[in-house]
Amino acid sequence: MKKIADFSEEHAKYIKRFKKENALVTVLRFALLALLLGLWELFANLGVIDPFIASSPSRVATTVRRLFVEDNFLYHIGITLYETILGFLIAVAAGYVLALALWWSERLRRVLEPYIVVLNSLPKIALGPIIIVWFGSGVKAIVFMAVIIGVIVALITMLNGFLATDKNKILLLKSFGASKFQILKKLVVPGSLPTFISMLKISVGMAWIGSIMGEYLVSRAGLGYLIVYGGQVFKLDLVMASTVVLCALATLMYVLVAFLEKKIIKYKN
Amino acid sequence: MEKLLELKKVSLTYQTLENEIRAIEDLSFYCNKGDFLSIIGPSGCGKTTVLSLIAGLLPPTSGEILINGKKDYEKNDLGYMLQKDQLFPWRTIEKNVYLPLEIKKSLTKRNKDFADSLLDKYGLKEFKKNYPDQLSGGMRQRAALIRTLVSNPKLLLLDEPFSALDYQTRLSVCDDVYKIIKQEEKTALLVTHDISEAIAMSDIIIVLKSRPAKVKCVFVPKIFGESPLKKRESKDFGVWFEKIWKELDK
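What comes next concerns the included structure. (Residues numbered from 1 in each chain as written. Chains lettered and ligands numbered in written order. Predicted model: local features only at pLDDT ≥ 70, side-chain atom pairs only at ≥ 80, totals over all residues. Heavy atoms only, no water.)

**Here's the deal with the interface of chain A and chain B**
To be explicit about the condition: Only heavy atoms enter the contact rule, under which two residues are in contact if any of them lie within 4.5 Å. Buried area: the sum, over both parts, of the accessible surface (1.4 Å probe) that disappears when the two are put together. A pair is scored as a salt bridge if a Lys or Arg side-chain nitrogen falls within 4 Å of a carboxyl oxygen belonging to Asp or Glu. Polar contacts, as counted here, are pairs of nitrogen or oxygen atoms within 3.5 Å of one another; within protein the pair requires one atom able to donate a hydrogen and one able to accept it, and residues that are adjacent in sequence qualify only if both atoms are side-chain atoms.
Contacts between the two partners involve 20 residues from chain A, matched on the other side by 19 residues from chain B. Here chain A meets chain B over a buried area of about 2,000 Å², counting both sides, of which 69% is carbon and sulfur. On the surface where chain A and chain B come into contact, there are one salt bridge. Of the charged contacts, one joins B:Glu102 and A:Lys186 as a salt bridge, the two residues approaching to 2.7 Å between their closest N and O atoms. Along the contact surface separating chain A from chain B lie three residue pairs in polar contact (both at pLDDT 80 or more).

**A closer look at the sheet that holds strand β5 (residues 78-81) of chain B**
Residue and element names in this part refer to chain B. To be explicit about the condition: At least two bridges found by DSSP between two strands is the condition for calling them paired. Secondary structure elements follow DSSP: runs of H or I of four or more residues count as helices, runs of E of two or more count as strands, with numbering from the N terminus. In this description, a line fitted to the C-alpha atoms serves as the axis of each element, helices being fitted only across the stretch in contact, and the angle between N-to-C directions of two axes falls anywhere from 0 to 180 degrees.
Strand order in this open sheet of six strands is β5-β6-β7-β3-β8-β9, and the pairing throughout is mixed. Taken across any chain shown, the strands that pair with only one partner, and hence form the sheet edges, are β5 and β9 (214-219). Between one strand and the next, the sheet's axes are offset by a mean angle of 20°, whatever the strand orientation. Pairing geometry for strand β3 (residues 36-40) and strand β8 (residues 204-209), over four bridges, is parallel. Looking across to β8, one finds that Ile39 is bridged to Ile206. The strands touched by helix α4 (residues 137-149) are β5 and β6 (155-159); relative to β5, the strand with the most contacts, the crossing angle is about 160°.

**Focus on the pattern of salt bridges**
If you walk through the whole model with that rule in mind, you get 18 salt bridges over all chains. Between B:Asp85 and B:Arg140 there is a salt bridge, and its shortest N-O distance comes to 2.8 Å. Remark: B:Arg140 occurs in helix α4 and B:Asp85 occurs in the loop between β5 and α2 (93-103); sequence separation between them is 55 residues. Members of the salt-bridge network, linked through shared partners, are A:Lys186, B:Arg91 and B:Glu102.

**Some remarks on the packing of helix α10 (residues 193-218) of chain A against helix α11 (residues 223-232) of chain A**
Residues and elements named next belong to chain A. What counts, and what does not: Convention used here: angles under 35 degrees read as roughly parallel, angles over 145 as roughly antiparallel, angles from 65 to 115 as roughly perpendicular, and any remaining angle as oblique. Should the near helix be turned anticlockwise from the far one by less than a right angle, the crossing is termed left-handed; should it be turned clockwise, right-handed. Note on residue classes: Ala, Val, Leu, Ile, Met, Phe, Trp, Tyr, Cys and Pro are nonpolar, Asp, Glu, Lys and Arg are charged, and everything else, Gly too, is polar.
Close contact between α10 and α11 brings their axes to 8 Å; oriented N to C, the two are set at 50°. Judged by the angle between their axes, α10 and α11 are oblique. Between α10 and α11 the crossing geometry is right-handed. The segment α10 lies against α11, with Ile212, Glu215 and Tyr216 engaging Leu223, Gly224, Tyr225, Ile227 and Val228. A breakdown of the residues in the contact of α10 with α11 according to their chemical character gives six nonpolar, one polar and one charged.

**A word on empty space enclosed by the protein**
As a reminder, the rule being used: Lining residues are defined by having an atom within 4 Å of a point belonging to a cavity or pocket. Those points lie on a 1 Å grid over the protein atoms alone, cavities being sets where a 1.4 Å probe fits but cannot get out and pockets being open sets with protein on both sides within 12 Å along at least five of seven lines. Grid points are joined across faces, edges and corners, and a volume is the space filled by probe spheres set on the points.
Under the defined criterion, the tally for this structure stands at two cavities of 30 Å³ or more. Of the voids in this model, the largest cavity is the one considered here, and its volume is about 60 Å³. Together, A:Ser175, A:Phe176, B:Ala55, B:Leu78, B:Gly79, B:Tyr80, B:Lys104, B:Arg147, B:Thr148 and B:Ser151 line the largest cavity. Counting residues per element, the ones that place at least two in the lining of the largest cavity are β5 and α4 of chain B.

Given below as structure tokens:
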């Protein structure tokens, strides 16, 4: 790679323009956020919107602070994080292993295909009552909800990734005398790494849907519980504050996966 | 002359739901040690299938395929080079070249040294730790050839290995691959639909008739020139081109 100094002035200008554009986009992003928050606060103070129903940024900030100091907010966050991460890990692992099995055996794939289609289309929340009866109303039921929501998507994404393996590369390995297991280990698994990363990204979202939905249904603790409880007793400050924290956590988890992607995928495809 | 490869009345029929397709019928030809043999024919005539049969990826319905007179030859005796380089983008050039050794569980110090010596000899020394996307098309093709050579095969099977390259690169890579194959004293079987490529590279050209594939005729072009590029410059080149072209067109 040549250093930038080796290029012409035109190139330096191009780079400068590019960086300027990037900086502008970042500034505008924050400006938009500030504008929205500002209007929200302003309208709430002026009485254009009822702060009792719509809350306001300052009330949300106060509530978040109060929740951390007076109430056991960390406990609720911890519960939700635990359910989400556990549900995420189980769904990803189970989805991956099932996809491997279905890649391995075409017969199994054909037999299970209609079941997967049905399970994929079924709105999993419909299973709520069954889950409550089977698992009670606790962490177990919520993790189970997160798992069934995540596992099908993880399975389908991964299986498509495995099946998209280049036929000619399989042929090449066969010409070396490779066994099916060697094809899996040397080609299918490493070749589907980009799919694995996108599957992780999708699964982060699915795990949050599962855990929050589970908490709506059954829980006595967690962010989803606080949101439902806040709604029922008309404490909109509590609802908004919990939602904001939820946003932050979900973003953080996504950023972690994106960071992982940069760490493991070093080549361009 | 020693016959390295011999096909005796090889036939292949495959089944589909609607039909039974006779892809190859009574195909017989042989190839001497050190020869460069090309198979040309219209597209879809089963040229690639012939290579799959020789490579042992498909069993023939009837007939025999012999290498050094033996029916059960080892995969080690063959090196298969496919369309495009098929280098794995997540492996460095060095790791790509070691791949056949890994599969054959023969990644010994000696074999590794041999692979390294080939990389050094053919100008890929500095690129060992690079990923394929950092190399030019020509260099990637050379890496693919070296990957084929590491297990020291007796016979190279080349399935239109240059078809994905642009014309300019194609001419030089063709030259490059030819020189390496001759230098390593390998026997090669090239499948192509490009008449000039076949004339420039081979000692013997077999023209196939399609559906079912059968030998239509055999040409032995005697063109002076030590490399494919030099041969292309010869005035006999056009004569041979015309002859084969007419035969294919019939």
